[in-house]
Amino acid sequence: MRRPFLSFLLPILFLLACQVSEEEKIYQILNRRQEALQKKDLSLYLSCISKAYQDKEEDFNRLEKRIEGYFKNFDRISYSSWDRAIQIEGEAATVIQPFYLEVEKGEKKNSYTGKEALFFKKEGREWKIIKGL
């Protein structure tokens, strides 16, 4: 009796252990965005953004043009964030995180620090940024 129960329970426990939490999925998107900024990879960056992105007067297409301009204009972009606070409520999530951004063009460098609030929506199995950039 004990052996069949264990053979049933072990695969279930294994599957549960292998599942990625929703919070971890959001961390993955944030890390992908950071990598995209540093590599100046527009398609990787846009893979983090919802097509329904809307913030003030900026939609997905305007955001794409703005980020593309940054990638073309700057020789180097360095970005990091830390101490992320993630709040998930159903299919929506909010991330608040401090960040450091440094951009370089030729000999000129500018750096920015602050806190950003990013808003996410779950689209299918993946989280996407819908506001806050």
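Owing to the predicted nature of the structure, the values given are computational and were not obtained by experimental measurement. (Residues numbered from 1 in each chain as written. Predicted model: local features only at pLDDT ≥ 70, side-chain atom pairs only at ≥ 80, totals over all residues. Heavy atoms only, no water.)

A look at the environment of A92
Going by this rule: In this description a helix means any DSSP run of H or I spanning at least four residues, a strand means any run of E spanning at least two, and both kinds are numbered starting from the N terminus. By definition in these notes, contact holds between two residues if any of their heavy atoms fall within 4.5 Å.
Inspection of the secondary structure assignment puts A92 in strand β5 (residues 92-105). It is 9.6 Å that separates the C-alpha atoms of A92 and I130, two residues lying 38 residues apart in sequence. A92 has contacts with Q87, F120 and W127, leaving out every residue within four places of it along the chain.

Considerations on the nonpolar core
Note the following rule: Here, nonpolar core refers to any group of buried Ala, Val, Leu, Ile, Met, Phe, Trp, Tyr and Cys residues whose side-chain atoms link them within 4.5 Å. Per-residue accessibility, obtained with a 1.4 Å probe over protein chains only, is compared with the maximum for each type, and a residue is labelled buried under 20%, exposed over 50%, and partly exposed between these values.
Core analysis: the largest hydrophobic core is formed by 28 residues, its most contacted members being I26, Y45, I49, F71 and F120. Mapped onto this core, the elements with two or more residues apiece are α2 (22-39), α3 (42-46), α4 (60-73), β3 (76-81), β5, β6 (108-123) and β7 (126-131). If you tally residues by element for this core, the top one is α2, at five residues. Dropping the residues within four chain positions of it, F120 is found in contact with I26, I29, L30, E91, A92, A93, V95, W127, K128, I129 and I130.

Quick word on the pattern of salt bridges
Once their charged atoms are close, side chains differing in charge can pair, the charge on each being opposite to the other. For clarity, the threshold we go by: By salt bridge we mean one thing: a side-chain nitrogen of Lys or Arg within 4 Å of a carboxyl oxygen of Asp or Glu.
The tally for this structure, following the rule as stated, stands at ten salt bridges. K39 is the partner of E35 in a salt bridge, and the nearest nitrogen-oxygen pair spans 2.7 Å. Within this pair, E35 and its partner K39 are both found in helix α2, separated by four residues, close to a single helical turn. What makes K39 exposed here is its relative accessible area of 56%. The structure contains a network of salt bridges with shared partners spanning E22, K25 and K122.

Concerning the confidence of the model for the chain
So the rule is basically this: On a scale of 0 to 100, pLDDT captures the predictor's confidence in every residue.
Here the chain averages 91 in pLDDT, and 86% of its residues register 70 or above. Within the model, pLDDT remains below 50 along residues 13-18, and this stretch shows zero contacts once partners closer than five positions in the same chain are excluded.

Here we look at the packing of aromatic side chains
Rule in force here: Two aromatic rings, drawn from Phe, Tyr or Trp (for Trp, its six-membered ring), form a pair once their centres lie within 6.5 Å of each other, and the interplanar angle then sorts them: stacked below 30 degrees, edge-to-face above 60, tilted otherwise. The criterion for a charge sitting over a ring is simple: Lys NZ or Arg CZ within 6 Å of the ring centre, and within 35 degrees of the ring normal.
According to the stated counting rule, one finds three aromatic pairs in the structure shown. With a centroid separation of 6.2 Å and 90° between ring planes, the pair formed by Y45 and F71 is classed as edge-to-face. Linking Y45 in helix α3 with F71 in helix α4, this pair joins segments that are 26 residues apart in sequence. The buried category is assigned to Y45, whose relative accessible area is 2%. Ring centres of Y79 and F99 lie 6.2 Å apart, and the angle between their planes is 20°; this geometry places the pair in the stacked category. A residue pair is termed long-range when its members are at least 10 positions apart, and Y79 in strand β3 and F99 in strand β5 qualify at 20 residues. By the burial criterion, Y79 is buried, and F99 matches it. We note K131 situated over the ring of F119; from NZ or CZ to the ring centre the distance is 5.7 Å.

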